[in-house]
Amino acid sequence: MKERLYSAEHAAFLKGVRRKKILIWTARIALLAALIGLWELFASLQIIDPFITSSPSRVAQTIAELYRGGNLFYHIGITLMETIAGFFIAVIAGYSVAVALWMSDFARKVFEPYIVVLNALPKIALGPLIIIWIGTGYTAIIFMTVIVAIIVCIMNTLTGFLQADNTMLTLMRSLGANKRQILFKLVIPSSVPQLMNTLKVAVGLAWIGSIMGEYIVSRAGLGYLIVYGGQVFKLDLVMTATIILCALAGAMYAIVAAVEKILTR
């Protein structure tokens, strides 16, 4: 006879948790379906102007046209490349800077006000300078993505480092641990939840940065389609590119959330 792994009460609790997850996902899907259905209904009844707001059927038709023309995956690929490259550069560079600032209290106190000021700076204002400094290629867009995301990565990661348990810090110092040992044995492991929150925030900022860069200098990508569609009043194209952006950003966020579950299990 197979041994029971859980008590009856615990099994009932787990069943309730699973039922709640299914209910949440069902509600999410139903809400999305209702929004799409109402959008299509209002557009077909002319309650809203489909020329301005488009409609799900017109979006689907535009996606099909982009696919037949061989442009759909080309523009998606360009924006994905820029966003993912900027995301990883910002996260790795931001984490490295946060480590350096944690290692040196003097450097942290010197540079912290400048980091706060840079975070408050409207990054779009740097657009003309980026064009002059770097040019109008993909590098400029990736650079824009990095500068949008990196400051938040530095600040959030450093905050996680500084929130390490003071009692544990005192204990390790009393046992003769140096800063490097404290960093790798205590600070970094204890800041993993903060790191995952930073990654989630960086996902959104990376998409903002890449689209912002494409608004300024691109000749391809989803941001370019939005700008071009607005200029020639092809608002179906604008809505299509926007919806694709939402789907891609959601997928990237879901990947980060899956990684978080693996690391915190």
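Every chain's residues receive numbers from 1 upward, in the order its sequence appears when written. Given that this is a predicted model, residues contribute local features only at a pLDDT of at least 70 and side-chain atom pairs are listed and counted only at 80 or more, while totals for whole chains, interfaces and linings are drawn from all residues. Hydrogen atoms and water are omitted, and side-chain values are computed over all heavy atoms in the structure.

### Things to note about the side chain of Asp-236
Only runs of H or I of at least four residues qualify as helices and only runs of E of at least two qualify as strands under DSSP, and these elements are numbered from the N terminus. Here Asp-236 shows up in helix H12 (residues 235-264). Burial here depends on accessible area, computed with a 1.4 Å probe over protein chains only, as a share of the maximum for the residue type. Under 20% is buried, over 50% is exposed, and the range in between is partly exposed. Overall, the relative accessible area of 18% leaves Asp-236 in the buried class. The contact partners of Asp-236, leaving out residues within four places of it in the chain, are Pro-50, Ser-54, Arg-58 and Thr-62. Here a residue-residue contact requires only that any non-hydrogen atoms of the pair lie within 4.5 Å.

### Quick look at the packing of aromatic side chains
The rule is short: rings of Phe, Tyr and Trp, with Trp giving its six-membered ring, pair when the centres are within 6.5 Å, and they are stacked under 30 degrees, edge-to-face over 60, tilted in between. Under the defined criterion, the tally for this structure stands at 4 aromatic pairs. The interplanar angle of 80° and the centroid separation of 5.3 Å between the aromatic rings of Phe-87 and Phe-88 together place this pair among those described as edge-to-face. Only Lys NZ and Arg CZ are tested; either one counts as a charge over a ring when it is within 6 Å of the ring centre and within 35 degrees of the ring normal. When the ring centre of Trp-25 is taken as origin, the NZ or CZ atom of Arg-28, which lies over that ring, is 4.8 Å away. The aromatic ring of Trp-102 is capped on one face by Lys-179, whose charged end is 4.9 Å from the ring centroid.

### Focus: the layout of surface pockets
The definitions used throughout rest on a 1 Å grid laid over the protein atoms alone, on which a cavity is an enclosed set of points accommodating a 1.4 Å probe that cannot get out and a pocket is an open set flanked by protein within 12 Å on both sides along at least five of seven lines; lining residues are those having an atom within 4 Å of a point. Grid points are joined across faces, edges and corners, and a volume is the space filled by probe spheres set on the points. There is about 230 Å³ of room inside the largest pocket. Considering the residues around the largest pocket, the lining is formed by Leu-80, Ile-84, Phe-87, Phe-88, Val-91, Leu-199, Leu-248, Ala-251, Met-252, Ile-255, Val-256 and Val-259. Listed by contribution, the elements that provide at least two residues to the lining of the largest pocket are helix H4 (72-103) and H12. With 6 residues, H12 is the single largest residue contributor to the lining of the largest pocket. Its residues assigned to classes, the lining of the largest pocket shows 12 nonpolar, no polar and no charged. Classes in brief: Ala, Val, Leu, Ile, Met, Phe, Trp, Tyr, Cys and Pro nonpolar; Asp, Glu, Lys and Arg charged; the others, Gly included, polar.

### Topic: the nonpolar core
Of all hydrophobic cores here, the largest spans 33 residues; its most connected members are Trp-102, Phe-161 and Val-187. Contributing elements (two or more residues each) for this core: H4, helix H5 (105-120), helix H7 (138-162), helix H8 (166-174), helix H9 (179-190) and helix H10 (192-217). Ranked by the residues each element gives to this core, the list is headed by H7, at 14 residues. Core analysis: the second largest hydrophobic core is formed by 25 residues, Leu-66, Leu-72, Val-203 and Trp-207 among them. Note on terminology: a nonpolar core comprises buried Ala, Val, Leu, Ile, Met, Phe, Trp, Tyr and Cys residues joined through side-chain atoms within 4.5 Å.

### Notes on the pattern of salt bridges
The term salt bridge refers to a side-chain nitrogen of Lys or Arg lying within 4 Å of a carboxyl oxygen of Asp or Glu. Within the structure shown, the criterion is met by 4 salt bridges. A salt bridge links Asp-105 to Lys-179; its shortest N-O distance comes to 4.0 Å. Of this pair, Asp-105 sits in helix H5 while Lys-179 is found in helix H9, placing the two residues 74 residues apart along the sequence. The exposure class of Asp-105 is partly exposed, given its relative accessible area of 40%. Taking the shortest distance from any N to any O, the salt bridge between Lys-200 and Glu-260 comes out at 2.6 Å. Of the two residues, Lys-200 sits in helix H10 while Glu-260 sits in helix H12, which places them 60 residues apart along the sequence. Look at the salt bridges and you will find they share partners, linking Asp-105, Arg-108 and Lys-179 into a network.

### What to know about empty space enclosed by the protein
For the coordinates displayed, the defined rule picks out 1 cavity of 30 Å³ or more. In this structure, the largest cavity encloses a volume near 50 Å³. Residue lining of the largest cavity: Gly-127, Ile-130, Ile-131, Ala-140, Ile-141, Met-144, Gly-213, Ile-216 and Val-217, and that is the complete set. Taken together, the residues of the lining of the largest cavity sort by class into 7 nonpolar, 2 polar and no charged.

### A word on the environment of Gly-94
Along the chain, Gly-94 turns up in helix H4. With a relative accessible area of 0%, Gly-94 lands in the buried category. Taking the C-alpha atoms as reference points, Gly-94 and Met-196, 102 residues apart in sequence, are found 13 Å from one another. Excluding residues within four positions of it along the chain, Gly-94 makes contact with Ile-89, Ile-150, Cys-153 and Ile-154.

Without other data, these values stay purely geometric and don't point to any function.
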